[in-house]
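Observations on the model geometry
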Amino acid sequence: MSKQDAASKAEGHVTNFLRNIIDADLGANRFAQRRWAGTPGDGMHHAQAPIDTQRIRTRFPPEPNGYLHVGHAKSICLNFGLARDYAGQCHMRFDDTNPVKEDQEYVDTILDTVHWMGFGYHEEGPAGVHDNQFYASDYFDDLYRFAEYLIVTGHAYVDQQSAEEMRANRGTLTEPGKPSPWRDRPADESLALFREMRDGKHAEGSMILRAKIDMASPNMNLRDPALYRIRYADHHRTGSKWCIYPMYDFTHAVSDALENITHSICTLEFQDHRPLYDWSVERIVPVLREPQWLAGLELVKGITAAGTEAQKEFAKRCFKLRYKLAPHGPEAELRALLDAWKDDEARIDADLPAFFALLTGPQAHQFTPLLAHALEPVKADVFALPRQYEFARLNLTYVITSKRKLLQLVQEGHVSGWDDPRMPTIVGLRRRGYTPESLQLFAERIGVSKSDGWIDYSVLEQSLRDDLDPKAPRTVAVLDPVRLVLTNWDADRVEDCTAPVHPHHPELGQRHFPLTRELWIEREDFAEVPPKGFFRLFPGNKVRLKYGFIIECTGCTKDADGNVVEVQATVIPDTKSGTPGADSIKVKGNVTWVSAAHAVAAEVRLYDRLFADPQPDAGGKNFLDALNPASMKVVTGYLEPGTQAEPGQRWQVERFGYFIADAKESTPAKPVLNRITTLKDSWGK
C-alpha cells in the first residue's frame, strides 16, 4: 500500500483523538528523520540505517501469562489497525519480564489469536521480509546496561529494606513517603551490589534496584519505584541466564524506544504511569540515543551562538520545564538558578552564561529530561523517543476480564477451560463462533475515547449478527422435538422440498430435503388447547409446513403422564410451496420441520451469557454469585437432512439464531453445535 493510499484509507475512518494525534504528527513530518536498521536497537544500531519507510510504528505488547480476552481484541484492532491505515507497522512484542507466571503455551496461543484476528507483523525492507515479533527478554542485556548507567549517574540505588518496610515507607495519597536509609549510598557501592545481584550472590527479596526520583511526589508511581528484583526462576526463553529481572514499567518504555515505536498506545490505568515511562527513556538518552544526544547538544551550543534573544527564549522555555530536573546532583544547581527567575525575571540576562555553561558542561548528560522537551520547538522528535497515549479500556456488561478471576473460573470448574464458549477469552469467543470480522466490527463501533464507560453486551452480539447475516447459509433444525405423523401420507412416499441456501444470494442455489410421513416439529408449535393469538398446530387448525404443504391438525397422543408424544395431521393436496395451488388456502401459521427418517441427530449447546448481573464484580460483589445457571443448556436436536457439520461451519438456523459446529468435538458423524447468539436480542426485554 502506498503512502497516498494509506492516507486515503485513514481518512475513510471515523476520527478519534488518536487519529488526530497521528494526523498532526505526520502533517508536521515529525518522524521524517527516524532510521530503522530492520531490528530493534539503540541509537548507534540505527545510526547508519536508511530512513524508516514506515510512517508510524505501534506495538501490541501482551504479557505471556494468560489468554487474551475481548478487551485485548479491541487493543489488537486499534494498534494493528492504526498501523495498517497509516502505512506503518505494528510490532508483536511480548513483555516477558516475570518468569514465575509466563509460559510458552501463552505465547503460542497469543500468536495464533493475533493471526486469527486477521493481522500480521511481517515487514518488507531492503534486506527482504522479516518478522516484527519481539520479546522484552531480547533486550535484557540492553536493560541491564541502562540500569547500570542510571546507577552511575545517581538516578538509581540498591535498596536493602524488606518489602514490608518499603510498603510502610512509601507513604499514602495524602502523606509523602520516607526515604530509604540506603537512598544516598554511593553510586559505586550500589553498582557493586547490583552486579552481585546479577551474579546470584543475594537472596530473593533481600535487595532491589530502585529509581531515585521523588519520595514526596503526589504520583505514587514516582516514589522511587523498583527497576530490578531478584528472581531465581528459569525464564521460558533465556533459561537460567538471569536471576534478576527488570520491572514492567521500566522494560515497557525502554522496549518501545529500542523498537522505534512512535505511538505507544495503552489503556487509561497506565495514565499515572506515563511520567515514569517518560523518566525511564529520558534519563538514559545519552546511552539509548547517543547520536541524537550529541546532535541535541550541538543544538544547544547553536542557540548559545545565536545571540541573546534566542538564548532568552530558550532559557524561558527551560524555566517552564524545570519540574523535569531532579532535586539532587547537578540538576539541583540548575533548578535553583531557574527558580530564582520566578520572582526576578531581570536576572535572566545576567544568568545566561551560567545557565548555558551548565547545559553544555561536563554534566550535560544529566539534563536530558529537560532538553527532550525544551528542544522540541527547535527540532521535533529530537531524541526519537516514543510517546505514550492512553485510551479507555473496554468495560463490557455481563463480562469480567480480570485474569485472576478468569483463572478462578477455570480452576474451580465453573467453566470447562479457557476456550469454554461462555468465556470472554478470544479463544472462547472463537469456539463460540464469533468471527474475526465481527470482533473488528465491534471494535470499530465502540470507538476510542479517553472516558471510561460501559458497552452493553448486545453491541457485541449485534456485530456478530451483522457480520453473519449476509454470509451464513440458512438451515432448519428442531431442538425440542415432538413427532408429527401425516396420517394421509403413504409410509414410503418421499417428496423433495427446496429452500434457498441464502435468501439474498440466489446464486448460491437451493438446498433440498425430503418430506416424509413422520416428521419432527418443535414441541411449542402444538397446543391441545391454544392460547389466544396462537396460530400454529391445534386440533382443527391449518398451518403450512414451511417449504412444504398445508396440513390440518387432527389430534394428538399422550403418554401415561399426560405428555404429548405425537401429533397427527392430514396433508391438503396441491398446496405445496412454489406450486400454483400454494395460495389456494390462506393460513396464518408456519411450522418448521425435518424428516424423522432423514434428519441428522446432533448435540446442541444453547449458550447464553455467563453472568446474569450486568456488572458481576462491581462494588466488591462476589462475581461467582452472579453466574447464570442458564448459561448453557444441552439438548438433542435434529438437523436438516444433508447437513455437513464440519468443525467451524456456521449457519443461521431459522427461528433459533446463529450456530457453529464445535471446532473441538463436532464430527460429521456426531455433530455438536454451539449457539453463537439468538436472532434478536432478548435480554433487553
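Residues numbered from 1 in each chain as written. Predicted model: local features only at pLDDT ≥ 70, side-chain atom pairs only at ≥ 80, totals over all residues. Heavy atoms only, no water.

Let's talk about the confidence of the model for the protein chain
Averaged over every residue, the pLDDT of the protein chain is 94; the share at 70 or more is 98%. Segment residues 1-9: pLDDT under 50, and 14 contacts once partners within four positions in sequence are set aside and those in other chains are kept. (pLDDT = per-residue confidence, 0-100. Contact = heavy atoms within 4.5 Å.)

Quick word on the nonpolar core
Of all hydrophobic cores here, the largest spans 69 residues; its most connected members are Phe 194, Tyr 228, Phe 314 and Phe 355. Per element, the largest residue contribution to this core is 8 residues, and it comes from helix α6 (residues 140-152). Among the nonpolar cores identified, the runner-up in size contains 39 residues, and Trp 116, Ile 446, Leu 464 and Leu 468 belong to it. (Core = buried A, V, L, I, M, F, W, Y, C linked by side-chain atoms within 4.5 Å. Buried < 20%, exposed > 50% of the residue type's maximum accessible area, 1.4 Å probe, protein only. Helix = DSSP H or I, 4+ residues; strand = E, 2+ residues; numbered from the N terminus.)

Description of the packing of helix α9 (residues 248-258) against helix α10 (residues 274-282)
Contact pair α9 / α10: the axes reach a minimum separation of 9 Å and the direction vectors enclose 60 degrees. Looking at the two axes, α9 sits oblique to α10. By crossing handedness, the relation of α9 to α10 is classed as right-handed. Contact with α9, carried on its side by Asp 249, Phe 250, His 252, Ala 253, Val 254, Asp 256 and Ala 257, involves Leu 276, Tyr 277, Ser 280 and Val 281 of α10 and no other residues of that element. Partitioning the contact of α9 with α10 into residue classes produces 7 nonpolar, 2 polar and 2 charged. (Axes fitted to C-alpha atoms, helices over the stretch in contact; angles between N-to-C directions. Parallel < 35°, antiparallel > 145°, perpendicular 65-115°, else oblique. Left-handed = near helix turned anticlockwise from the far one by under 90°. Nonpolar A, V, L, I, M, F, W, Y, C, P; charged D, E, K, R; others polar.)

Looking at the sheet that holds strand β22 (residues 593-595)
Strand order in the open sheet formed by 7 strands is β21-β18-β19-β20-β14-β17-β22, and the pairing between neighbours is mixed. Two strands in the sheet have a free side with no partner beyond their single neighbour: β21 (590-591) and β22. (Pairing = 2+ DSSP bridges.)

Comments concerning helix α15 (residues 347-359)
Across its 13 residues, α15 extends 18 Å between first and last C-alpha, which sits within 8% of the 18 Å expected from 1.5 Å per residue. Of all the bends found along α15, the most pronounced is centred on Pro 353 and spans about 40 degrees. In this structure, the buried side of α15 is in contact with α12 (290-304), α13 (308-320), α14 (330-339) and α16 (368-374). (Expected span 1.5 Å × (residues − 1). Bend = angle between axes of the 7 residues up to and from the residue.)

Some details on the pattern of salt bridges
In total, this model carries 61 salt bridges according to the counting rule given. The shortest N-O distance in the salt bridge between Asp 142 and Arg 145 comes to 2.9 Å. Of this pair, Asp 142 and Arg 145 both sit in helix α6, 3 residues apart, which is roughly one turn of the helix. The class of Arg 145 is partly exposed, set by a relative accessible area of 34%. Lys 546 serves as the salt-bridge partner of Glu 654, at 2.7 Å between the closest nitrogen and oxygen. Of this pair, Glu 654 sits in the loop between β25 (650-653) and β26 (657-661) while Lys 546 sits in the loop between β18 (542-545) and β19 (550-558), and the two are 108 residues apart along the sequence. By relative accessible area, Glu 654 is classed as buried at 9%. A single network of salt bridges, built from pairs that share partners, joins Asp 419, Arg 431, Glu 603, Arg 605, Asp 662, Lys 664 and Glu 665. (Salt bridge = Lys/Arg side-chain N within 4 Å of Asp/Glu carboxyl O.)

Regarding the packing of aromatic side chains
Under the definition given, this model contains 22 aromatic pairs. With a centroid separation of 5.8 Å and an interplanar angle of 70 degrees, the aromatic rings of Phe 140 and Tyr 245 are classed as edge-to-face. With Phe 140 in helix α6 and Tyr 245 in strand β9 (residues 244-246), this pair connects stretches of sequence that are 105 residues apart. For Phe 140, a relative accessible area of 2% puts it in the buried group. With relative accessibility at 0%, the residue Tyr 245 sits in the buried group. Ring centres of Phe 355 and Phe 356 lie 4.9 Å apart, and the angle between their planes is 85 degrees; this geometry places the pair in the edge-to-face category. Note on accessibility: Phe 355 and Phe 356 belong to one class, buried. Linked through ring pairs, Phe 140, Tyr 144, Phe 194, Tyr 228, Trp 242 and Tyr 245 together constitute an aromatic cluster. Residue placement shows Arg 237 over the ring face of Tyr 135; its charged tip is 3.8 Å from the ring centre. (Phe/Tyr/Trp six-rings, centres within 6.5 Å; stacked < 30°, edge-to-face > 60°. Lys NZ or Arg CZ within 6 Å of the ring centre and 35° of its normal.)

Observations concerning the environment of Ala 47
Mapped onto the fold, Ala 47 is located in the loop between α3 (43-46) and β1 (57-60). Non-local contacts of Ala 47, meaning those with residues more than four positions away in its chain, are made with Arg 35 and Pro 291.

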